[in-house]
Every structure is written in C-alpha cells, then in structure tokens.
Amino acid sequence: MEKKNLNFVDFTDKNIEESLRLLESSVNGLTEKQVTERLLKFGFNELPFKKRRWFHILFSQFKSPFTYLLFIAGAISLIIGEIIDSLFIFLFVVINVVLGFVQEYRAEKVIEVLKSFLPNDVKVIREGERVIVNKKYLVPGDIVVLSAGDIAPADLRIIEAKNLIIDESILTGESKAVEKDEKPLTSATKEIFEAKNIIFSGTSIINGEAKGVVINNIRESAVGKISKLVEEIGKKSFYEKELLGFSRLIIKMVVFFITAVFILRLFINCENIFDYLIFCIALIVSILPEALPTVVVFSLSQGALKLAKRKVVVKRLNAIEDLGNIKILCSDKTGTLTENKMTLDEIFANNIEKTILFSLLSTELLKKQKNIENAFDKAIVEKHASNFTSQLKEFKLIAENPFDLKRLINSIVVESSDGRRFLIAKGAPEKIFEKTVKIEAAKIVEGKFDFTIFERKIKEAGEEGRRVLAVAYREIKEGEFFKNINEAEDNFNLLGLLIFADPLKKTAKETITKAEKLGVRVKLITGDSREVAGYIGYQIGLISNKNEVRTGKELEQLSPEEFDKTCEEIDVFARISPEMKYKIIESLQKKYEVGFLGEGINDAPALKLANVAIAVNTAADISREIADIILLENDLNVIIEGISYGRKIFNNLDKYIKTTLASNFGNFYSIALISLFIPFLPMLPVQILVVNLLSDFPMIAIATDNVETKELKRPKSYQMQKTLPLIIRLAIVSTIFDFIFFAIFYRMGEKNLQTLWFIESILTELVLIFAVRTTQKFYQTIKPSYPLIFLGLIATLVTIFLPFTSFGIDILHFQKVPIQFVIIVILLVTIYFIISEGVKLKYYKKHQLDLNHQK
C-alpha cells in the first residue's frame, strides 16, 4: 500500500468493497507481512507526545518566585562587592534547584512506570483470526472489532454494525449519542456529525457491536488534529487549590510587612541600605516554605510507588490527595466485594438438557471466540460445553442483539442443521417474564402457566446472594419477517433459570470495618436484584437488616428533598440504572467528597462526575480513560488502603506547613523588628539562607513520618481551615522567645549575637517538628519515622558545630562563642519546646470542645 493521506471524507460515500479495495485490505484482515510493511511506512498508531526530558524538568525549577528573589539578592550583593555572599546565595539557588529537580525527575519516572501497567489492547482480525494487539500497532487496513464500552483506537470505516450507538461528544460537544451503520452516504461529507458510517478515534461505543477498517494513522485522524487531546490538561487537587490560596495570603502579608519595615529603616538609619535590602530579601525567602514543592512531590511519588506495589495505579499524582479526602465511597459489588469467580451453581428448569443447550447457544461460543469475556457465559461454557460438543455443531449463528443496559437482555437467532430457526433470549428474569407466555414442559393451571414457583426460586436465590438469569426462546416460523430482533422479542417459551454463585471475598467484612475506622462510608450501588444486594450488604455489615435497600424504581418516586435524604441515609441500592447512579453521586456531592469505583460502560457518567474516579484494569476502555486511579486487582480493600495513604500524606504535609510557618513567622517578625533598633544586622543574609537550608533538610523526611490512627479518620478538607490559628499561636511563642534571647545576648557583640541566634533559630524549628507532629503529648504518641529522627539529629549536630569550624568562621562570618552561651541557648530551646507543647495541647483541647459543641 502506498503512503496516502487518506481521511474519513474519502470513505463516506463508498461502499464496503470499495473502501477495502482502496485500503488494499479484506474482511479477513491483513497478513503479518502487510502489517510489518505498513508499520514501517506509517509508524506507530499513537499521538505525538512531547515527553518531558530531564533538561525540561531542570529549567522548570528556575520558574519560582523564591529563585527570582534569591537571584535579585545575589545580583545586588555582587554589585556592592559582597562577592562571597553573592556566591553563597547563588549556591543556595543551585541546592534548591537540584533538590527540586531530583524529586520531580523521580516523580516523572514513577509516572512512566505506572503507565506501563496500563495496556491499551484492541481486538483485530488478521489472516481471518481474531487476535488482541496493542493499539499502537494498528495500521491502515486493519479490521478492528469493537463492542460496548470500547474507545475507538483510530478512524474506522464501518463494515459491519449491530445496534451501534456512539458517543461523539469528545469531538462534536453534542451529548446525545448517535446511531451508526455501514451504509454508504449518497455523497461525501466533510462534517463529522454527518459521517454516519465512520467511527472516529477517541469516541466511545455506548451500545452494540461493530467491525471497521482502519482508515489512517491516528496522527492523521480527526482527533489527531485537535490539540486539546494531544496536550494533557493538568487537574488541580482540592488540597492544591486550598494551599495556593493560603500561600498567596502569606506572601501578601510578608511582602507588605517587610516593605513597611524597609521604609521605616530608611527614616531611622540610611546607612548600608543595600546590605539591608539584601537582608530583607533574605528574610522574605526565609519565611516562604520553598521546600514545599519538594516535600509534596516526594510525598506523592512515594505514595504512588507504595500504592503501585499494592496494585493501585495512580494516573495523576495529585489524585492521591483527592483520594485521602474521600468521605463516601460508592462501589458495585462484583469483584470488589465478591470474588468475581462466577460459577453456574444450579439450573432450575423442567427440561434441564434443553435449557443447557440453549444457554450454551446464547453464549459467544458460536462466534468461535477463543476467549469468552462475559463472566456468566464463561461459567456456562466451563460447566457444560464439553458435554454438548456434537449438538452445538448442528447450529450456526444468524443474528444477534447484544446485551442492552435498558433491556437487560441478550438475544440471538440460530439456525439448526434441519433449517429451523430459534430466537434465544437470556437476561434479567423480570424482563424475560414480561415477554413470556409459556413455560417449557409445564402444566397449565386454571387456564394459565404458573410463574410463582420460579419467582419463589428467584427470591430464595437472591436471599442467598446468588444471581439469576432466565433463559427463554421462540421458534421463528418460515416466512416470518421482522426488521430487527427487537421486534421478535416476544411470546417467549420460558426454559428455566440459571443460578450463579459469586462468593464474598474473605476480606470483605474486614474491609468495611477498616473503612469505618477511617470515617469512610461505603455505599453499594448495583444493578442486581434487591434480594442479592440486601444479602451482600447484610453479610459485610453495611446494613443491619436485609430490607434496608432501595431500588431505582423507588428512588424515582421521591421528591428532590426525599431523594437527597435517602441517598445520604441508605447504604445499599439495587437495580440502579446508569442515569440513577449519576443522580446518586450528584446528590451525595452536595455535602461530601465522593469516590466512585466502576468498570462498565454504564459507570462512565458517574465516574466522570465523581471527585475521584476509580476503575479496574479490566474495565471498559471509556471507564479506564476517565478514571484517576486504576486497580490492577479488583478489591475494595486496596482503595481503602489508598485513602489511608492519601490522608497520611496530607497529615505529614500539614506538619511541615505548621512547623515551617510557625517557626519562620516567629523568627521573621522578631528579626525584622529588632533590626530597626540595633546598628548591625541581627543575622547576615547568607546566615539566614543557611538557617533556611538546615531547617528544611530534615523537613523532606517528614513525608516518611508515622501517623496516628485517629488522625487518618479525619478527611483533610476539615483540617486546613483550622491550621492558621495554631500557626499564629506558635509564632507568637517563637517571637517572645526571640525577644528573650535578644534581651540576654544583645550586649555580647555583633558576631556573638549572630552566631547564637543562628543556633537558636534552627534548634527551635527542629524541636517544633516533634511537638506539632501529634495532637497528643509528644511522648505518648506514635514514634517518629527513622529518617525523620536521623536527619533531625544530623541537622542538630551540624547546627551546633558549624560555627566552630573554619568554614563557618571564614565564609559564613560566625565566631567561636563560649560553651556556656551555647548551653544557655539549649536551655532556652528546651523551655521553648515545653511551652510550645503546652500551647499546642491547650489549642487541641479547645478545638475538640468546639467540635463536640457543634455536634
């Protein structure tokens, strides 16, 4: 095939034969040789992705207000001849950039590793055989097979369609799904919404099945020309938005205060004004939590790796924060609470053999499928196919009406070797019963068939947690005509019931208990019957009575107020349609952050709406595409663990913010005010930057810290607004101790004061970490992590001994101070720690009383 720039316009008015001829293909697909040749000509079927190289990440580190301030300070130092100071300022820029680069580069590698867990497989026909390949290996001329839930991997000219309905909103913006078929148009069209025989790349199959031939590489497709689908738009987490506003407030406060102090200094003393300017810039840098991006990235990347080891893939790192914020988790039961190992447990019928045969015919066996994906079909085939091999060979598939989410029925037309045709239907019993007039081999009682024995069996099975499908059929008489199978789905003869068992996971009840301890409320939303949903909910402890279940029909009868109240109070919902799932999530979001775990095409709207969208790796393409988090193992327990990790990460970030801002605010105000009344700087700019570096050094390890269980129970959205009052209280304590320190040491001379204040500033921040890391008494709580203890000790030793080294004296302008002065500083720091601990305990005691009063 020559390399041509073909697009959908070239195929809309051509019939199937002409389309295949133009692409040098056939209904049997391409040969491996053709595929190899076309891969060389057209390249991989993937959008051009601008990968972030290491130098992109490195340069991005310089785009920071902290870095700009440091550069300004370094430039001013250079201009006024303070070469050593300027070199050290630039050195600190390099250190900050390197730290940020290392963590962000590692995070980028983490994302690459996580993406490798997510295969993008597609079914194709090659050399007449249906095979599964990665969609990147598709080439023009490939025959692709799609079904409900799939996302089109390329632009396709439809060559076969059955009840095909497509969602094209990603391209057209039109929310209404469109019907498509294989018929050629009377004339070619350039309009996407008019191309009824084309499936466009990126659009999703809502209903039905289709076969299509690949028109071109995705780069030349309609979706490939839309830049918004090439560039991934970042999604900020709730915490990021809150923190951004919080940071802006702090910056405004600091800049305003330091500007006022600088102006006052001009009136009080105009000497060495450039030195004072650098000092002010260094002060601004010192108070801003510039290590926060590093701590955040480190925390999230570590969390993502830990979750990946537990088979949870995070598609965007900040989704971990959102995960920790979940208050309500909505989930289906299949696979998450049950084993998802469907077995055919019982057949309830008058004619067992015929029921089994017709059940086997209604599966995907007649399609010659190597792998049967439907769990019910798989269970039927595994149990009985080997015993009916000869009978099955006597039938061939004529037509099919795939399972429909509204009909809840799958039906097929088969033809036997003697020419008789049968329409076989399998699906939800209540839907089959509506279309049934007879019962196979049953007696007529009082002029009609008695369905009560079947209804009793369905209820009994549901109460035992077993799932039931009904099987029925009708013979299509010779000469009988209908446009589609839907028209013929009536006047059925009921064969019997297929009863399936899907046992509960052994960990299901334990998972629900674990969720309760975290303050997460789990709600079961399923399409199964009231009886099955009630049984599962009762067994795992979600409900105390099997009748505490609401169905979709019951919800539809409620007023908006009653609906919201029911959604909040009830934890088990049955026979829920996709539209109703959406409404339940929407209702819950009025008060709570909601996570939704889904897998089917019917879950897509609810997934898109949820605060955190979670899908299993075997989910429909559209559900996996929407999801923020993918489960490689279908187990609710791993999500509960993920929520715990999210809260742990937030809790540790909260510790960092409290410690850094409380200590920095205290030192900032005291140093700035004292600098107005003494003839020298209380600390040199380069010393302030060293304080900043040494105190931030152990802060990175706070991401690894252990967290109290009770702290994990509180979602983070309720915590951030309570942080500032505690920070202000602790900052006031820090400022008071700085003034006490100044009162003791200001007569000791310039260098002595600077050296001792350097030691005091770092030690107070280091000890404060161990106070604010818990709401309890510091010695009664969970032990700190080993990295936090180790780096804290290293920073303490460096702080105390650095001023006594030649480097500290010659380069950083420290002075050897009498050891008794150092001991006095250590005593002051100890008293500071005790008082800060007391202020913290008093705050949390009052905070708890306020919470109890609100309750």
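Throughout this description, residue numbers start from 1 for each chain and increase along the sequence as written. In keeping with the model being predicted, local features are shown solely for residues with a pLDDT of at least 70 and side-chain atom pairs are shown and tallied solely at 80 or more, while totals for entire chains, interfaces and linings include all residues. Derived side-chain values reflect all non-hydrogen atoms in the structure, with water molecules and hydrogen atoms excluded from consideration.

1. Topic: the overall build of the chain
- The helix and strand tally for the chain stands at 32 helices and 24 strands.
- Note on exposure labels: buried denotes an accessible area under 20% of the residue type's maximum, exposed denotes more than 50%, and partly exposed covers the range between, all computed with a 1.4 Å probe on protein chains only. Buried positions account for 53% of the 855 residues belonging to the chain.
- Every residue pair with non-hydrogen atoms within 4.5 Å of one another is taken to be in contact. For the chain, contacts bridging at least 24 residues in sequence account for 73% of all contacts bridging at least 6.
- In short, Shrake-Rupley with a 1.4 Å probe defines the accessible areas, and a residue's cover is counted only from the protein chains shown. Summed over all atoms, the accessible surface of the chain reaches about 39,200 Å², with 57% contributed by carbon and sulfur. Strands here mean DSSP runs of E at least two residues long; helices mean DSSP runs of H or I at least four residues long; both are numbered from the N terminus.

2. Brief notes about the sheet that holds strand E23 (residues 612–616)
- The sheet built from 8 strands is open, its strands ordered E8-E24-E23-E22-E9-E19-E21-E20 with mixed pairing. Bordering the open sheet on either side are strand E8 (312–314) and strand E20 (550–551), each of which pairs with just one other strand.
- In short, DSSP must find at least two bridges between two strands for them to pair. Sheet analysis places strand E22 (residues 594–598) next to E23, joined by 4 bridges and oriented parallel. Counted as the bridge partner of Gly598 is Ala615 from E23.
- Angles run from 0 to 180 degrees between N-to-C directions of axes, and those axes are lines fitted to C-alpha atoms, restricted for helices to the stretch in contact. In this fold helix H25 (residues 636–674) packs onto E8, strand E9 (328–331), strand E19 (521–525), E22, E23 and strand E24 (629–631), with an angle of close to 160 degrees to the strand it touches most, E9.

3. Quick word on the pattern of salt bridges
- When a carboxyl oxygen of Asp or Glu is within 4 Å of a side-chain nitrogen of Lys or Arg, the pair counts as a salt bridge. Evaluation of the coordinates by the stated rule reveals 22 salt bridges.
- A salt bridge links Arg466 to Asp345, with the nearest nitrogen and oxygen atoms 2.7 Å apart. Placement of the pair is Arg466 in the loop between helix H16 (452–463) and strand E17 (467–476) and Asp345 in strand E10 (residues 343–349), with a sequence separation of 121 residues.
- The class of Arg466 is buried, set by a relative accessible area of 11%.
- Note that Asp571 is salt-bridged to Arg521, the shortest N-O span being 2.8 Å.

4. Quick notes on the environment of Arg21
- The residue Arg21 is located in helix H1 (residues 16–22) in this model.
- Since its relative accessible area comes to 57%, Arg21 is described here as exposed.
- C-alpha of Arg21 to C-alpha of Gly141: the two residues are 120 residues apart in sequence and 9.4 Å apart in space.

5. Digging into the packing of H25 against helix H29 (residues 750–772)
- Relative to each other, H25 and H29 sit at 150 degrees, their axes nearing to 9 Å. Regarding the angle of H25 to H29, the classification is roughly antiparallel. Crossing geometry of H25 relative to H29 is assigned as right-handed. Together, Lys655, Lys658, Thr659, Thr660, Ala662, Ser663, Asn664, Asn667, Ser670, Ile671 and Ile674 of H25 and Trp757, Ser761, Thr764, Glu765, Leu768, Ile769 and Val772 of H29 make up the contact between the two elements. Just so you know how the angles are binned, under 35 degrees is roughly parallel, over 145 roughly antiparallel, 65 to 115 roughly perpendicular, and the rest oblique. Take the far helix as your reference; a near helix turned counterclockwise from it by less than a right angle gives a left-handed crossing, and one turned clockwise gives a right-handed crossing.

6. A closer look at H25
- In this model H25 runs 57 Å from its N-terminal to its C-terminal C-alpha over 39 residues, within 8% of the 57 Å that 1.5 Å per residue would give.
- Counting buried positions along H25 gives 34 out of 39 residues, so the element sits mostly inside the fold. Here the expected length of a helix is defined as 1.5 Å per residue gap, with one fewer gap than residues.

7. Topic: the nonpolar core
- Residues Phe741, Leu756, Trp757 and Phe758 are the most contacted members of the largest nonpolar core, which totals 66 residues.
- Of all the elements in the fold, those that place two or more residues in this core are helix H8 (238–268), helix H9 (273–287), H25, helix H26 (685–696), helix H28 (723–745), H29, helix H30 (786–801) and helix H32 (819–854).
- A per-element tally of this core places H29 first, with 12 residues.
- Counting residues in hydrophobic clusters, the runner-up holds 49 residues, among them Ala515, Leu524, Tyr535 and Ile639. Nonpolar core, defined: a set of buried Ala, Val, Leu, Ile, Met, Phe, Trp, Tyr and Cys residues in which side-chain atoms within 4.5 Å join the residues together.

8. Quick look at unusual backbone geometry
- The phi dihedral of Asn163 falls on the positive side, at around 50 degrees, and the residue is not glycine.
- Following the sequence through the fold, Asn163 ends up in strand E4 (residues 156–167).
- A positive phi angle is found at Arg575, which is not glycine, with a value near 50 degrees.
- Mapped onto the elements, Arg575 comes out in the loop between strand E21 (572–574) and helix H22 (578–588).
- Given the relative accessible area of 29%, Arg575 is considered partly exposed.

9. Thoughts on the environment of Gly202
- Structurally, the position occupied by Gly202 is in the loop between strand E6 (198–199) and strand E7 (204–214).
- Under the relative-accessibility criterion, Gly202 is labelled partly exposed at 22%.
- Measuring from C-alpha to C-alpha, the distance between Gly202 and Ala152 comes to 5.3 Å, with 50 residues separating the pair along the chain.

10. A short note on the side chain of Arg157
- Relative to the elements of secondary structure, Arg157 occurs in strand E4.
- Residues scored as positive are Lys and Arg, those scored as negative are Asp and Glu, and His as well as the terminal groups of each chain are ignored. Despite being buried, Arg157 has no salt bridge partner; Glu182 is the closest side chain of opposite charge, sitting 6.9 Å away.
- Counting of polar contacts relies on pairs of N or O atoms within 3.5 Å, with two restrictions inside protein: one atom must be capable of donating a hydrogen and the other of accepting it, and residues adjacent in sequence are counted only when both atoms are side-chain atoms. Looking at Arg157, its side chain comes within polar contact range of the main-chain oxygen of Glu182, at 2.8 Å.

11. Some points on the confidence of the model for the chain
- pLDDT is a per-residue confidence score from the predictor, ranging from 0 to 100. The predicted model of the chain averages 80 in pLDDT, with 80% of residues at 70 or higher.
- In the model of the chain, helix H7 (residues 227–230) stands out as the element of lowest mean pLDDT, 36, in contrast to helix H21 (residues 560–569), which has the highest, 94.
- Every residue in residues 226–235 is under pLDDT 50, and counting partners more than four places away or in other chains gives 13 contacts.
- With pLDDT under 50 throughout, residues 851–855 is counted as low confidence; its partners more than four residues away or in other chains account for 0 contacts.

12. Description of the packing of aromatic side chains
- For Phe, Tyr and Trp, rings pair up if their centres lie within 6.5 Å, where Trp contributes its six-membered ring, and each pair is then called stacked (planes under 30 degrees apart), edge-to-face (over 60) or tilted (otherwise). Summed over all chains, the structure comprises 17 aromatic pairs.
- On the numbers, 5.4 Å between centres and 80 degrees between planes, the contact of Phe348 with Phe454 is edge-to-face. On the criterion of sequence distance, the pair formed by Phe348 in strand E10 and Phe454 in helix H16 is long-range, its members being 106 residues apart.
- Of the residues examined, Phe454 reaches a relative accessible area of 4% and is grouped as buried.
- A centroid spacing of 5.6 Å and a plane angle of 75 degrees characterise the contact between Phe737 and Tyr832, whose relative ring orientation is edge-to-face. With a gap of 95 residues between them, Phe737 in helix H28 and Tyr832 in helix H32 connect regions that are remote in the sequence. A single burial state applies to Phe737 and to Tyr832, both of which are buried.

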